[in-house]
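If you want the building blocks of each chain, they are given just below.
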Amino acid sequence: MSHAVPHLSSSAAPSAAERVLTLVDLGGEVLRINPAQALDMATQAEQLCQEHGLARLRLPVLSLLAESQYRLGHYLEARANLNTLLSLGPDQPLAVKSLNLLGHVQRRLGEHRSAIQHYNQALELAHRLDDKNQEFTALNGLAGTYFSLFDYQGAAELYLHCLGLAQGQGNADAEGTALGNLGAVYLEQGDLTRALELFQKGLEISVRLGNQQREAVLRNNLGFTHYRLDAHQSSLEYSQQALELAQKLRDRRTEASALGNLALTYFALGQYDTALELNKRALEIERELHNRHTEADLLVQIGRIWLEKRSYEMAQSTLEEALQVAQSGGNRKAHTEVHLYLSEVWQHKGQFALALQQHRLYHELTVATLREQIERKTLALLIRFQAEQALQQAEIVRLRNVELVAANEALEQLNREKSQLLARLEELVRTDPLTQLYNRGYLEEQLERLFQQSRQEQWPLSVALIDLDHFKGTNDTYSHQAGDLVLKTTATLFRETLPEAEIIARYGGEEFAIVFPQTAAAEAAAACERLRQRIEAHDWSFIHPDLVVTVSIGVSDAPAAPNHEKLLMAADQYLYDAKRRRRNQVCFGS
């Protein structure tokens, strides 16, 4: 990066101006690999400008300040410096770059309307300047904004526009970027095969051009996509390649991301100590980079590892730290997940009331997140509609009827999508994603209702708690994937054997619950005995020839129980009796 020294008044020291420009040049060189160092240089340059009255040199200094702050996640400071820079009347090339950067900042702050406005201004100015690079950046930013608003169709259309622009200009580097971004859209939508295809094409271009920074990012994306596909060996290979390349380039962000991806894969393989060490290394880097958002994600993963290792105190303290970081860093996903895993911690500690409280918080946040997604998608559709209106202002009168029909169709489609999302939301709130049985939160709500009704109307209410015998051994011996298949098959056997059961739920881990309204304990136990025999006799060889699955079941109607929690505790006591008596049996009582 180079700058021409402007005419200086006699009171300004030339050495100060040279120092400012040197700091800006050096800051620009280290910006990608060490934004904190770039920020220090920009701050020194800003102080020199103020001390020596170098007003015109403030423009490149403010640009470096803002970009450093953006890369470090200091979005409010970056926004303030960019607004100051634009108010000082920069030349058009710096103005278009600053408008694009301001769009990036506002997208991070959730100011989507303003971000789109500034990207469009940058796009118009880039057209006038015939600056294809900044035009590409503006289109890419607009696409990223629609992506943030969950408008994946709008994002894909703009990324395809970027791809066409890059190919039309013969800009292979930009083409690689567009392919990678399109891959991210397909990855988010769950089309993993198409995402792999696009990431691979982008990688081939990056290798051919010698763009090692993008190569590292794309190898990392391929590693994560293979992890999602349960292709663990390929995931480890790509993530390790990304890690080594990022370390060579001193690209700390990609290094931390690759470490995190490796940790996810080792966690899936049950190698918890390796996953823990990798996550700790990634956490150290993200803390150096002041990236609170990713720091929260890593703390959640570390908490999960402690949970799997049955170190419940370590899991609790780590997850509570993750909660604080997630709240301060605005990481809604991590904030939500923390409550799910804290629920499991309290359950293992026998603190069922606290476990239920955390589980309810998890579901409340899940509902809030889905509602936010609906609102964001609605906003994106409205913004796109308004943008199209603005571009066609001259034809409004001629096309008024056509536009009204299109608007009505768009609103009808939006209402249909909203109804589908709300239906999906209701399903997510009450359903366990692995087994498709009801989840614990829904069970607790319905059991409380049925308990009150049974006491008012004087009919028996029985509850069965069911535990898969030696399930940890199944996971350790045959793999976690085999364990998941056992859980799903068991859920199917529950439904087939007891079609009359009103509520069958996954209670947590390998434990299930069944509610029997208007049924005494002895009758419910007889039904559970049929279920026990069905599971024991089932042919499990499709998972592994040596696999045997049995269950222990506790049943109670507890007529003297004062509330539904005590009814559950009574069933749990009979479950304990069944386990104590060498498992694979039904114990019941009142």
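Participant: When you look at the overall build of the protein in this model, what are you seeing that I'm missing?
Facilitator: Assigned secondary structure in the protein consists of 24 helices and five strands. When burial is assessed residue by residue, the protein has 50% of its 590 residues classed as buried. Contacts in the protein between residues far apart in sequence, at least 24 positions, make up 63% of those at least 6 positions apart. Accessible area of the protein: about 28,400 Å², with a carbon and sulfur share of 48%.

Participant: Which parts of the structure should I look at to understand the sheet that holds strand β3 (residues 511-517)?
Facilitator: Sheet strands line up and pair through hydrogen bonds in the backbone, either parallel or antiparallel. Reading across from one edge, β2-β3-β1-β4-β5 is the order of the five strands in this open sheet, with mixed pairing throughout. The open sheet has two free edges, formed respectively by β2 (503-508) and β5 (586-589), since each of these has just one partner strand. Ignoring strand direction, the axes of neighbouring strands in this sheet form an average angle of 20 degrees. Summarising the sheet, β2 and β3 pair through five bridges and their orientation is antiparallel. Following the sheet pairing, Ala505 is matched in β3 by Ala513. Of the strands in this sheet, β1 (461-468), β2 and β3 touch helix α22 (residues 480-497), which is tilted by about 150 degrees from β1.

Participant: Hey, could you run me through the packing of helix α11 (residues 212-228) against helix α13 (residues 252-268) in this one?
Facilitator: In helix packing, the relevant descriptors are the interaxial angle and the interaxial distance, both defined with respect to the helix axes. Close contact between α11 and α13 brings their axes to 10 Å; oriented N to C, the two are set at 20 degrees. Taken as axis vectors, α11 and α13 run roughly parallel relative to one another. Remark: the crossing between α11 and α13 carries left-handed chirality. Between α11 and α13, the contacting residues are Ala216, Val217, Asn220, Phe224 and Tyr227 on the first element and Thr254, Ser257, Ala258, Asn261, Leu264, Thr265 and Ala268 on the second.

Participant: Is there a simple way to think about helix α5 (residues 92-108) in this case?
Facilitator: A turn of α-helix holds 3.6 residues, and therefore any two residues three or four places apart point the same way. Taking 1.5 Å per residue as the helical rise, α5 with its 17 residues ought to reach 24 Å, and the 24 Å between its terminal C-alpha atoms agrees with that figure. Along α5, the residues classified as buried are Leu94, Ala95, Val96, Ser98, Leu99, Asn100, Leu101, Leu102, Gly103, His104, Val105 and Gln106. Those residues of α5 that are buried are in contact with α3 (58-71), α4 (75-87), α6 (112-129) and α7 (132-148). Its side-chain oxygen placed 3.0 Å from the backbone nitrogen of Leu94, Asp91 serves as the N-cap of α5. Just beyond α5, the residue with positive phi is Gly110, at close to 80 degrees.

Participant: Please clarify how the packing of α11 against helix α12 (residues 232-249) should be interpreted in this entry.
Facilitator: Running from N to C, α11 and α12 point in directions that differ by 155 degrees, and their axes come no closer than 7 Å. One element, α11, and the other, α12, form an angle in the roughly antiparallel class. Along this stretch, α11 crosses α12, giving a crossing that reads as left-handed. Mapping the contact onto sequence places Gln212, Gln213, Glu215, Ala216, Arg219, Asn220, Leu222, Gly223, His226 and Tyr227 in α11 and Ser234, Ser235, Tyr238, Ser239, Gln241, Ala242, Leu245, Ala246, Lys248 and Leu249 in α12. Tallied by class, the residues present in the contact of α11 with α12 amount to eight nonpolar, nine polar and three charged.

Participant: So what exactly am I meant to see when it comes to the environment of Leu264 here?
Facilitator: Looking at the element boundaries, Leu264 is found in helix α13. A residue is classified by how much of its surface remains accessible, and Leu264, at 16% relative accessible area, is buried. Through-space distance from the C-alpha of Leu264 to that of Leu278 is 9.2 Å; in sequence the pair is 14 residues apart. Residue contacts for Leu264: discarding those within four places in its chain leaves Phe224, Tyr227 and Gln301.

Participant: Would you explain the side chain of Glu444 in this entry?
Facilitator: With respect to the element layout, Glu444 can be found in helix α20 (residues 440-457). Setting aside chain neighbours within four positions, we find Glu444 in contact with Leu356, Tyr507, His564 and Leu568.

Participant: Even after reading the chapter, I still don't get the pairing of β3, so can you show me in this structure?
Facilitator: The buried fraction of β3 is high, at six of seven residues. In this structure, β1 lies alongside β3, joined through seven bridges in antiparallel fashion. Across the sheet, the residue bridging to Asp467 is Glu511, located in β3. In textbook terms, the turn of a hairpin is the stretch between consecutive antiparallel strands, and for β2 and β3 this stretch comprises two residues, one of which, Gly509, has a positive phi near 60 degrees.

Participant: Is there a simple way to think about the confidence of the model for the protein in this case?
Facilitator: Close reading of the predicted structure is inappropriate where its pLDDT is low. In this model, the protein carries a mean pLDDT of 87, and residues with pLDDT of at least 70 account for 88%. Segment residues 1-13: pLDDT under 50, and 17 contacts once partners within four positions in sequence are set aside and those in other chains are kept. Residue range residues 390-399 is modelled with pLDDT below 50. Its contacts to residues more than four positions away, or to other chains, number two contacts.

Participant: Can you walk me through unusual backbone geometry in this structure?
Facilitator: What is expected of a backbone is that most residues other than glycine have negative phi and most peptide bonds are trans. The residue His470 is not glycine, and still its phi comes out positive at about 55 degrees. Among the residues examined, His470 registers a relative accessible area of 56% and is labelled exposed. Phi is positive for Asn584, which is not a glycine, with a value near 55 degrees. Tracing the backbone shows Asn584 in the loop between α24 (564-580) and β5. Since its relative accessible area comes to 21%, Asn584 is described here as partly exposed.

Participant: Looking at this structure, how should I read the packing of aromatic side chains?
Facilitator: Scanning all chains against the criterion turns up five aromatic pairs. Ring geometry for Tyr70 versus Tyr75: centroids 6.0 Å apart, planes at 55 degrees, classification tilted. Using a relative accessible area of 18% as the deciding quantity, one classes Tyr70 as buried. Between Phe224 and Tyr227, the aromatic rings sit 5.9 Å apart at their centres with planes inclined by 35 degrees, giving tilted as the arrangement. In this pair, Phe224 and Tyr227 both sit in helix α11, three residues apart, roughly one turn of the helix. Over the aromatic face of Tyr186 sits the side chain of Arg194, whose NZ or CZ is 5.6 Å from the ring centroid. Taking NZ or CZ as reference, Arg440 lies 4.2 Å from the ring centre of Tyr507, over its face.

The rules behind these values
- Residues numbered from 1 in each chain as written.
- Predicted model: local features only at pLDDT ≥ 70, side-chain atom pairs only at ≥ 80, totals over all residues.
- Heavy atoms only, no water.
- Helix = DSSP H or I, 4+ residues; strand = E, 2+ residues; numbered from the N terminus.
- Buried < 20%, exposed > 50% of the residue type's maximum accessible area, 1.4 Å probe, protein only.
- Contact = heavy atoms within 4.5 Å.
- Areas by Shrake-Rupley, 256 points an atom, 1.4 Å probe, with all protein chains shown as cover.
- Pairing = 2+ DSSP bridges.
- Axes fitted to C-alpha atoms, helices over the stretch in contact; angles between N-to-C directions.
- Parallel < 35°, antiparallel > 145°, perpendicular 65-115°, else oblique.
- Left-handed = near helix turned anticlockwise from the far one by under 90°.
- Expected span 1.5 Å × (residues − 1).
- Polar contact = N/O pair within 3.5 Å; in protein donor to acceptor, adjacent residues only side chain to side chain.
- Nonpolar A, V, L, I, M, F, W, Y, C, P; charged D, E, K, R; others polar.
- pLDDT = per-residue confidence, 0-100.
- Phe/Tyr/Trp six-rings, centres within 6.5 Å; stacked < 30°, edge-to-face > 60°.
- Lys NZ or Arg CZ within 6 Å of the ring centre and 35° of its normal.

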